[in-house]
Amino acid sequence: MTAARKDDREDRLTVCLKYLLFVFNFLFWVGGAAVLGVGIWTLVEKSDYLSLLASSTFVVSAYILILAGGLVVVTGFLGCCAVIREQRSCLSTYFFCLLLIFLIELVAGVLAYVYYQRLSEELKQNLNQTMADNYAQPGREAITLAVDRLQQDFKCCGSNHSHDWMASAYVSSKQAEDRVVPDSCCKTITPRCGRRDHPSNIYKVEGGCITKLEQFLADHLLVIGSVGIGVACLQVCGMVFISCLYRRIKMESY
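The present account deals with the structure reproduced in this document. (Residues numbered from 1 in each chain as written. Predicted model: local features only at pLDDT ≥ 70, side-chain atom pairs only at ≥ 80, totals over all residues. Heavy atoms only, no water.)

Details of the side chain of glutamate 122
Okay, so step 1: Mapped onto the elements, glutamate 122 comes out in helix H3 (residues 88-134).
Okay, so step 2: Buried charged residue glutamate 122 carries no salt bridge. Nearest counter-charge: arginine 118, at 4.1 Å.
Okay, so step 3: Non-local contacts of glutamate 122, meaning those with residues more than four positions away in its chain, are made with Leu53, Ala54, Ser55, Tyr115 and Leu127. (Helix = DSSP H or I, 4+ residues; strand = E, 2+ residues; numbered from the N terminus. Buried < 20%, exposed > 50% of the residue type's maximum accessible area, 1.4 Å probe, protein only. Lys, Arg positive; Asp, Glu negative; His and termini not counted. Salt bridge = Lys/Arg side-chain N within 4 Å of Asp/Glu carboxyl O. Contact = heavy atoms within 4.5 Å.)

Okay, structure coming up:
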């Protein structure tokens with residue numbers, strides 16, 4: 001009787017582990033969808049701004065999340081098959097897939113955190129020069145579009161101040177037609193409205209566009225890091241459950 005009760009208790013434990021893994025797989029899919037969504041959202045929403053960044057770390061972090069999210073969706077099906085079939089080889093494969101995705105997401109989270117620390121300094125060092133040297137220049141259409149959208153979306157003018165445009169290649173050229181700022185600085189855009197830099201006509205924001213762009217990127221990096229590390233922690237729980245079920249199946253096979 002004692003042996004029968006022990007076997008019955010062990011069977012219930014195995015069933016409990018299987019249900020826990022099914023619940024984990026559901027949460028895993030939800031987390032994977034969140035990771036994939038955040039990665040795509042990071043690249044799609046206001047993606048024009050990415051051409052203004054000197055470093056590719058922000059973009060790389062987003063692509064890593066998209067890769068990890070795609071792997072999560074595919075791996076989730078493998079997890080269900082592994083739990084249903086109760087084969088140690090399937091569980092082992094599932095475990096190592098989780099470990100790989102865990103490392104990928106951890107890398108994305110760490111990259112986002114590191115870039116978050118360097119973001120302010122990078123923008124201060126590079127944004128003003130990027131805008132001044134490249135705006136409305138031949139072959140720099142992407143940067144020109146990014147600057148125009150940046151100034152209109154964030155209602156700002158110049159990297160630090162509207163006066164920054166006075167030292168730009170654009171304002172110094174004949175193409176400017178006596179403009180002192182690009183027309184995208186204007187509160188209401190009309191042809192050649194950039195000739196007048198009075199506060200009633202153009203945006204004059206304390207800190208300029210650097211402050212606005214820094215806050216925008218910082219918010220995105222915070223989401224990237226939080227989602228990446230959060231889902232990675234969830235996967236640690238999954239790997240623990242898999243290890244326990246693997247041991248139960250191994251014990252029952254003898």
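The discussion continues.
Let's talk about the environment of leucine 106
Okay, so step 1: Position of leucine 106 relative to the elements: it lies in helix H3.
Okay, so step 2: Accessibility expressed as a relative area gives 32% for leucine 106, which makes it partly exposed.

Side note on the side chain of threonine 130
Okay, so step 1: Positionally, threonine 130 belongs in helix H3.
Okay, so step 2: For threonine 130, a relative accessible area of 15% gives the class buried.
Okay, so step 3: Setting aside residues up to four positions removed in sequence, threonine 130 forms contacts with Leu52, Tyr135 and Ile143.

Section: H3
Okay, so step 1: End to end, H3 covers just 59 Å across 47 residues, shorter than the expected 69 Å (1.5 Å per residue, more than 12% under).
Okay, so step 2: Maximum bend of H3: about 50 degrees, positioned at arginine 118.
Okay, so step 3: In the segment just after H3, alanine 136 is the residue with positive phi, at about 60 degrees. (Expected span 1.5 Å × (residues − 1). Bend = angle between axes of the 7 residues up to and from the residue.)

What to know about the state of the cysteines
Okay, so step 1: If you walk through the whole model with that rule in mind, you get three disulfides.
Okay, so step 2: A disulfide bridge connects cysteine 157 with cysteine 185, and the sulfur atoms are separated by 2.1 Å. Its torsion about the S-S bond being 85 degrees, the disulfide of cysteine 157 and cysteine 185 is classed as right-handed. Pair noted here: cysteine 157 is in the loop between helix H4 (141-153) and helix H5 (169-172) and cysteine 185 is in the loop between H5 and helix H6 (208-252), with a separation of 28 residues, a long-range link. (Disulfide = S-S within 2.5 Å.)

Details of the nonpolar core
Okay, so step 1: Counting 63 residues, the largest nonpolar core has Trp165 and Leu213 as the members making the most contacts within it.
Okay, so step 2: If you list the elements that add at least two residues to this core, you get helix H1 (2-44), helix H2 (57-85), H3, H4, H5 and H6.
Okay, so step 3: The biggest single contributor to this core is H6, with 14 residues.
Okay, so step 4: With residues up to four places along the chain from it excluded, the contact list for leucine 213 reads Tyr49, Leu123, Leu127, Leu150 and Phe154. (Core = buried A, V, L, I, M, F, W, Y, C linked by side-chain atoms within 4.5 Å.)

No statement about biological role is implied by the geometric values presented.
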